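Here's the letter readout for the chains.
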Amino acid sequence: MSLSLAPVPPPLSPSAADESSAAMPPWPASTRVLPSGDLSVGGVALARLADRFGTPAYVIDEQEVRARARAWRAALPDAEVAYAGKAFLSRAMVRWVEEEGLSLDVCSAGELELAAHAGFPAGRLVLHGNAKSPADLRTALRLGVGRIVIDSTGEIARLAALIPAGSRQRVLVRVVPGVEAGAHTSVRTGVEGQKFGVPVAGGEAADAVARILGQPRLDLVGLHCHLGSQIAGLVPYVTAVRRLVPLLAEIRDRHGVTLPELDLGGGFAIPYRAGEPTVEPQAYADRVGGELARNCARFGLPVPRLAIEPGRWIAGPAGVALYHVLSVKHTGDRTFVAVDGGMSDNPRPALYGVRYTVRLVGRASTAAPRAVTVVGRHCEAGDILAEGVELPSDIRPGDLLAVPAAGAYHVSMASGYNLVGRPPVAAVRDGHARLLVRRETLADLRSRDIGA
Ligand SMILES: Cc1ncc(COP(=O)(O)O)c(C=O)c1O
Ligand SMILES: N[C@@H](CCCC[NH3+])C(=O)O
């Protein structure tokens, strides 16, 4: 029997004898519809997870993360695939990506320390940041990270000054190819006029390269760009290749240096609702890899080693957020279903207007669907998790709701707003669940305030 996991869930028959295995994006591939009407992920019923860990809570399917990491490695066996830890990081996550052979992109001393604590090989760490603090840089140098990505001309001498005489640090330089891509202006980083990188246009990037090459303690190994996030097509990456290979050729012609690496960043879109587009690793490998080879041949360059940095694509579809309904309010022509989380654990609808799928789990309902607004518990009207989603009209306080595609940029962007405490993260795999990150308690929150 096959039951669809579309955003408007079909009525589930409580008498259904079998589990359905027809998981569809945006749910993890292991998602099953149980006869009770509940869903299971990684072999564990979501209602059991809510009982055990409380709500709001985040569930991450370990096998989904691993499978998604492997998909990029299989499509690009010769490339460096660095998981962008900003999407979601925990010590278990660090171990999973390490075991799958990925590198790790980090952007603070905190992320560096977490990775080191989890035993991640320093040589596979890449440090990013438009404003790296002295502590970030010192931590990176102390750990011996593989690459530091220089983001601005001013950073060159600052970094070089921290490197002991006789040592060299491998670096890339982040350049801006002038490619507009990404789902929202806040995450479009491939264009001029935003804070990241050094523009190719106008020769700024070429000047930065010349300065780096003039620093004996810096070993420039390549160019980096990151175009933006939630990019649904391949054309922006192809355009970036067409703009960066000529820069590689210019560097060779001007300085006699052939840079061996080209990092094209991440940004690969995932579906948040059924039917939304994504990027397929093999299609990326064929199209972007092919473009790189052709452009290098045109300029007589050896093909540099490609690096990519997927974050959302690996973690996002592996995560499910769980909430209990606290109140249902009918007012005017709207129904507000308020849950026990909100913009403090998922700021994305408020920040970027992202639209999510929400599903009743834990019980079956044959009530007709009704369009509702799922809101959080925070003190502002913009604290909306999902607008215009259909839930059964008998939805009531105490019901359990699940939101898929919640694995990236939820927990990592969670805030302390209203002191509700950040949610826990539990991993599921093969019918077992384990806590990865515990809930932030009132005692945690109180202890930060020293009462002065
Ligand atoms: C430098 C860099 N690399 C990789 C990523 C990962 O992006 P995404 O999670 O969209 O793949 C980001 C964030 O957008 C980034 O800033
Ligand atoms: N935080 C953003 C993406 C930015 C990615 C980081 N460079 C999101 O939630 O979609």
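Refer to the structure printed above.
Residues numbered from 1 in each chain as written. Chains lettered and ligands numbered in written order. Predicted model: local features only at pLDDT ≥ 70, side-chain atom pairs only at ≥ 80, totals over all residues. Heavy atoms only, no water.

Here's the deal with the packing of helix α2 (residues 62–75) against helix α9 (residues 281–299)
- As a packed pair, α2 and α9 sit with axes 8 Å apart at the nearest point and diverge in direction by 25°. With respect to each other, α2 and α9 are oriented roughly parallel. Regarding α2 and α9, the two cross each other, and that crossing is right-handed. Within the contact between the two elements, α2 uses Ala71, Trp72 and Ala75 and α9 uses Pro281, Gln282, Tyr284 and Ala285.
- Residue composition of the contact of α2 with α9, grouped by class: six nonpolar, one polar and no charged. (Axes fitted to C-alpha atoms, helices over the stretch in contact; angles between N-to-C directions. Helix = DSSP H or I, 4+ residues; strand = E, 2+ residues; numbered from the N terminus. Parallel < 35°, antiparallel > 145°, perpendicular 65-115°, else oblique. Left-handed = near helix turned anticlockwise from the far one by under 90°. Contact = heavy atoms within 4.5 Å. Nonpolar A, V, L, I, M, F, W, Y, C, P; charged D, E, K, R; others polar.)

Considerations on the side chain of arginine 174
- With respect to the helices and strands, arginine 174 occurs in strand β9 (residues 169–176).
- Apart from residues lying up to four places away in sequence, arginine 174 is in contact with Val149, Ile150, Asp151, Thr189, Phe196, Gly197, Val198, His224 and His226.

Things to note about the packing of aromatic side chains
- This model, assessed by the stated rule, comprises seven aromatic pairs.
- Their ring planes at 75° and their centres at 5.1 Å tell us that phenylalanine 268 and tyrosine 284 sit as a pair that is edge-to-face. One end of the pair, phenylalanine 268, is in the loop between β12 (261–263) and α9; the other, tyrosine 284, is in helix α9, with 16 residues separating them in the sequence. The pair phenylalanine 268 / tyrosine 284 is uniform in exposure class, with both members buried.
- Within the aromatic cluster, the residues linked to one another by ring pairs are Trp72, Tyr237, Phe268, Tyr284 and Trp313.
- The ring of tryptophan 313 has arginine 68 lying over it, and the distance from NZ or CZ to the ring centre is 4.0 Å. (Phe/Tyr/Trp six-rings, centres within 6.5 Å; stacked < 30°, edge-to-face > 60°. Buried < 20%, exposed > 50% of the residue type's maximum accessible area, 1.4 Å probe, protein only. Lys NZ or Arg CZ within 6 Å of the ring centre and 35° of its normal.)

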